[in-house]
Amino acid sequence: MRLILLGPPGAGKGTQASVIVKEYNIPHISTGDIFRDNIKRDTELGKRAKEYMDKGLLVPDELVVSIVKDRIAEDDCRDGFLLDGFPRTINQGEALDAELEQMSLELDKVVNIDVGVEILIQRAIGRRVCRDCGATYHVEFSPPRTDGICDICNGELFQRDDDKVETVKRRIEVYNEQTEPLIDYYTKKGLVLNVDGTKPIDEIFEKISKSLMG
Ligand code: ADP
Ligand code: ADP
Ligand code: ZN
């Protein structure tokens, strides 16, 4: 199963990704997570990516595309993968298509999670992430059992640097300008499943998994 999760920042891509990859036993490839991991380890890539991420801008295509190309060529991606947060520009989408064609592979589905701007802002600013295992919570909508502590691994929860209201607004604008055109791009290829991202987490997952079975 080769899947893409599309949707604005805060739509719930990461949340759905973590259940989908368990169900289908495929790797979860989040370009945002890859960048944050590089920032944490203070790599050259991390330093370059951080300049853009802190401003709410996209990291340049040439930095992102090669990472994803390498990642999907790895052994654990043989039976499929889930891309979360990639592609984010038409250029990235075309680069992915070219790479898949070369590998004689095809995408199965592009899941587009739709959420309006007011809710997106609430979701992003209330988001908390586990420092150790990356699990995602929300202070109101999906709180951990104990304040500030991960249910799964007892790790410390933190707020992402780019989840401040001004940066979130910028990221949503960037999404509308640069990423939203991909919905059309994949709709023309007959690949898009649109889901209402304002529904509860498990309802959304049910809708996605039904469509993937069918
Ligand atoms: P969200 O899902 O909340 O938008 P992500 O974790 O997917 O956040 O991405 C965080 C940031 O990482 C983005 O705002 C952007 O700066 C950078 N980034 C992630 N994926 C890409 C990509 N495919 N192309 C360019 N920049 C990216
Ligand atoms: P994305 O990866 O698209 O940026 P996340 O999966 O990180 O989005 O979700 C953003 C925030 O919204 C998180 O705090 C998450 O717990 C919360 N969230 C995700 N899905 C839902 C939902 N269906 N209803 C309410 N809150 C949600
Ligand atoms: Zn954890």
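Residues numbered from 1 in each chain as written. Chains lettered and ligands numbered in written order. Predicted model: local features only at pLDDT ≥ 70, side-chain atom pairs only at ≥ 80, totals over all residues. Heavy atoms only, no water.

(A) Structural detail: the packing of helix α1 (residues 13-24) against helix α9 (residues 201-213). The geometry of α1 relative to α9 is characterised by a closest axis approach of 10 Å and an angle of 45 degrees between their N-to-C directions. When the axes of α1 and α9 are compared, the pair comes out oblique. Judged by the sense of rotation from one axis to the other, the crossing of α1 with α9 is right-handed. In this structure, α1 uses T15, Q16, V19, I20, E23 and Y24 to contact α9, whose residues at the interface are I201, I204, F205, I208, S209, L212 and M213. When the residues that make up the contact of α1 with α9 are grouped by side-chain class, the tally is 9 nonpolar, 3 polar and 1 charged. (Axes fitted to C-alpha atoms, helices over the stretch in contact; angles between N-to-C directions. Helix = DSSP H or I, 4+ residues; strand = E, 2+ residues; numbered from the N terminus. Parallel < 35°, antiparallel > 145°, perpendicular 65-115°, else oblique. Left-handed = near helix turned anticlockwise from the far one by under 90°. Contact = heavy atoms within 4.5 Å. Nonpolar A, V, L, I, M, F, W, Y, C, P; charged D, E, K, R; others polar.)

(B) Structural detail: the site of ligand 2. Lining the immediate surroundings of ligand 2 are 20 residues, of which K13, T15, R127, Y137 and K199 lie closest. Here an oxygen atom of ligand 2 sits 2.9 Å away from a polar atom, N or O, in the main chain of G14. Contact distances for ligand 2 include 3.2 Å between a nitrogen atom and a side-chain N or O atom of R123. Of all the secondary-structure elements, those providing two or more residues to the shell around ligand 2 are α1, β6 (136-138) and α9. (Near = heavy atom within 4 Å. Polar contact = N/O pair within 3.5 Å; in protein donor to acceptor, adjacent residues only side chain to side chain.)

(C) Representation of the sheet that holds strand β8 (residues 192-196) within the structure. Read across the sheet, 5 strands follow the order β2-β3-β1-β4-β8 without closing on themselves; strand pairing throughout is parallel. Strands at the two margins of the open sheet, each flanked by one partner only, are β2 (28-30) and β8. Looking at each pair of strands side by side, their axes are set apart by 20 degrees on average, direction ignored. Two strands pair when backbone bridges link them, and strand β1 (residues 2-6) and strand β4 (residues 109-114) are joined in this way by 4 bridges, in the parallel orientation. Within the sheet, the bridge partner assigned to L6 lies in β4 and is N112. Helix α2 (residues 31-40) rests against β2 and β3 (81-84) of the sheet, and its axis sits at about 65 degrees to β2. (Pairing = 2+ DSSP bridges.)

(D) Fine view of the environment of A11. If you trace the backbone, A11 turns up in the loop between β1 and α1. Along the sequence, A11 and G197 sit 186 residues apart, while their C-alpha atoms lie 6.3 Å from each other. The residues touching A11, leaving out its near neighbours within four places in the chain, are I113, V115, L120, R123 and G197.

(E) Molecular detail of the layout of surface pockets. Volume-wise, the second largest pocket comes out at about 160 Å³. Lining of the second largest pocket is provided by D97, L100, E101, L105, E106, L107, K189 and L191. Partitioning the lining of the second largest pocket into residue classes produces 4 nonpolar, no polar and 4 charged. (1 Å grid on protein atoms, 1.4 Å probe; cavity = no way out; pocket = protein on both sides within 12 Å on 5 of 7 lines; lining within 4 Å. Points joined across faces, edges and corners; volume = space filled by probe spheres on them.)

(F) Molecular detail of the site of ligand 1. The full set close to ligand 1 counts 20 residues, and T31, R36, L57, R88 and R171 are the nearest of them. One of the backbone nitrogen or oxygen atoms of G85 is found 2.9 Å away from a nitrogen atom of ligand 1. A distance of 3.0 Å separates an oxygen atom of ligand 1 from a polar side-chain atom of R127. Contact with the protein chains hides 96% of the accessible area of ligand 1, taken as 560 Å² for the molecule alone. For the shell around ligand 1, the element with the highest residue contribution is α2, accounting for 4 residues. Across the shell around ligand 1, the residue classes tally to 8 nonpolar, 5 polar and 7 charged. (Areas by Shrake-Rupley, 256 points an atom, 1.4 Å probe, with all protein chains shown as cover.)

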